Amino acid sequence: MNSRPYQICTNCVMDTSDTTLRFDARGWCQYCCNYHKNILPNWHPDERGLAEIAPVIDKIRKEGRGREHDCIIGISGGLDSSYVTYVAREKFGLRPLMFHCDTGWNSDLGVSNIQKMTDGLGLDLVTEVVNWEEMKDLQRAFFKSQVSFVDTPQDLALFSAMYNFAARNGFKYVITGGNNSTECVRESLEWTYFSTDTVQVRDIHRKFGSRPLKTFPTCDILKYRLYYRWLKGMRVVKMLDYVPYIKKDAIAELSEKFGWQPYPQKHYESRFTRFYESYWTPKKFGYDKRRAYLSSEILTGQLTREEALARVAKPELDEETMAREFEYVATKLGWTVAEFEAIFKGRNKTFRDYRNNKFIITLGANIFNLLGLDNRIFR
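Computed from a predicted structure; not experimentally measured. (Residues numbered from 1 in each chain as written. Predicted model: local features only at pLDDT ≥ 70, side-chain atom pairs only at ≥ 80, totals over all residues. Heavy atoms only, no water.)

### Quick notes on the environment of Gly27
Mapped onto the elements, Gly27 comes out in the segment before α1 (30-39). Residues Gly27 and Thr10, 17 residues apart in the sequence, show an inter-C-alpha distance of 5.4 Å. In this structure Gly27 touches Ile8, Cys9 and Thr10, once residues within four positions along its chain are discounted. (Helix = DSSP H or I, 4+ residues; strand = E, 2+ residues; numbered from the N terminus. Contact = heavy atoms within 4.5 Å.)

### Let's talk about the packing of aromatic side chains
Following the criterion strictly, the structure yields 32 aromatic pairs and no others. Both rings, one in Tyr86 and one in Phe258, keep their centres 5.8 Å apart while their planes meet at 75°; by these two values the pair is edge-to-face. With Tyr86 in helix α3 (residues 79-91) and Phe258 in helix α9 (residues 247-258), this pair connects stretches of sequence that are 172 residues apart. For the pair Tyr86 and Phe258, a shared accessibility class is recorded, and that class is buried. Between the aromatic rings of Tyr193 and Phe351, the centroid separation amounts to 4.2 Å while the plane-to-plane angle is 10°, which identifies the pairing as stacked. Residue Tyr193 is located in the loop between β4 (173-176) and α7 (198-208), and its partner Phe351 is located in the loop between α14 (337-344) and α15 (358-370); the two are separated by 158 residues in the primary sequence. The residues Tyr193 and Phe351 share a single accessibility class, namely buried. These aromatic residues form a ring-pair network of at least three members: Trp105, Trp132, Phe143, Phe272, Phe275, Tyr279, Trp280, Phe326, Tyr328, Trp335, Phe340 and Phe344. In this structure, Arg26 is placed above the aromatic ring of Trp28, and the distance from its NZ or CZ to the ring centre is 3.8 Å. We note Arg67 situated over the ring of Phe171; from NZ or CZ to the ring centre the distance is 4.9 Å. (Phe/Tyr/Trp six-rings, centres within 6.5 Å; stacked < 30°, edge-to-face > 60°. Buried < 20%, exposed > 50% of the residue type's maximum accessible area, 1.4 Å probe, protein only. Lys NZ or Arg CZ within 6 Å of the ring centre and 35° of its normal.)

### Let's talk about unusual backbone geometry
If you check the backbone angles, Gln146 has positive phi at about 70° while not being a glycine. Within the secondary structure, Gln146 is located in the loop between α5 (132-145) and α6 (152-168).

Structure follows, in structure tokens:
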């Protein structure tokens, strides 16, 4: 329970529902301070950025000669992954293989948008379908654990399936839709714990799961950073940080060229994530992840603070729709509405209530940053 007096940032819409939030004398939160101190001075989505990434694009093209595809992109149907696909193919002339991980929660619109992008750009698409019974069992375990980040199983599957496939098939360059423009406010671990902490995943599944995860894709951060990156030479390119990327302009461009259709909110291409972010976390844990998404748009000049405040003042989905989604998720996971409601009313817990690898993960990240092993383009 958060016993602090309520406070909201005077510059964005982050507030003390994030219990880690701290403010300076101006009333600015640490996310705003970090943006202006560390991100903005080093972020150049203009001619400077294009000049900086040009040698990387040339390197990808050169090393991809003789291969059917010179890089791989994970696509969800969301804006970020769709737009980076467009940029990679049309603006930089790369030949990506598109990869999609189906966790069983795709929205119809998400599937449609993936098809429009791949067909419109003439790209090949590989889809890996996660074993539903294993996915369901792990998701049920996370709900029973009462931790807030119940999207861990889906996040882990999406990350792991993508990088495991890339490694198996010799892809050196992974293009992602991660970006500063819509994601410069990074959520605290209280809101979004490391989905790649397989120590925690195994502990929660051991306590609350009921079937072995024989085929469920996993890749912890150490395997990715050490084995895939340094031994297999895999590099991740956040291409959208080097080109102009304004959300409304990107939506208009994709809509006009491909018939791509937008979502009410970030990550809503997954029906599960839509339920988790619009219902589960605000109603059970008291925080609204839209605050981070909208604050990112405030900082990057795409939204006014007043507009963002108006958005978070009301739910994204109406009560009737949320009730239908509650029933849908309960039924799909094998519970009655009453059983799911009992879990919803259970005592909230955090990642600290279970075994975790937080110390090692954060230590490793700090060492990488200290040694300069994570440069701006390759990650």
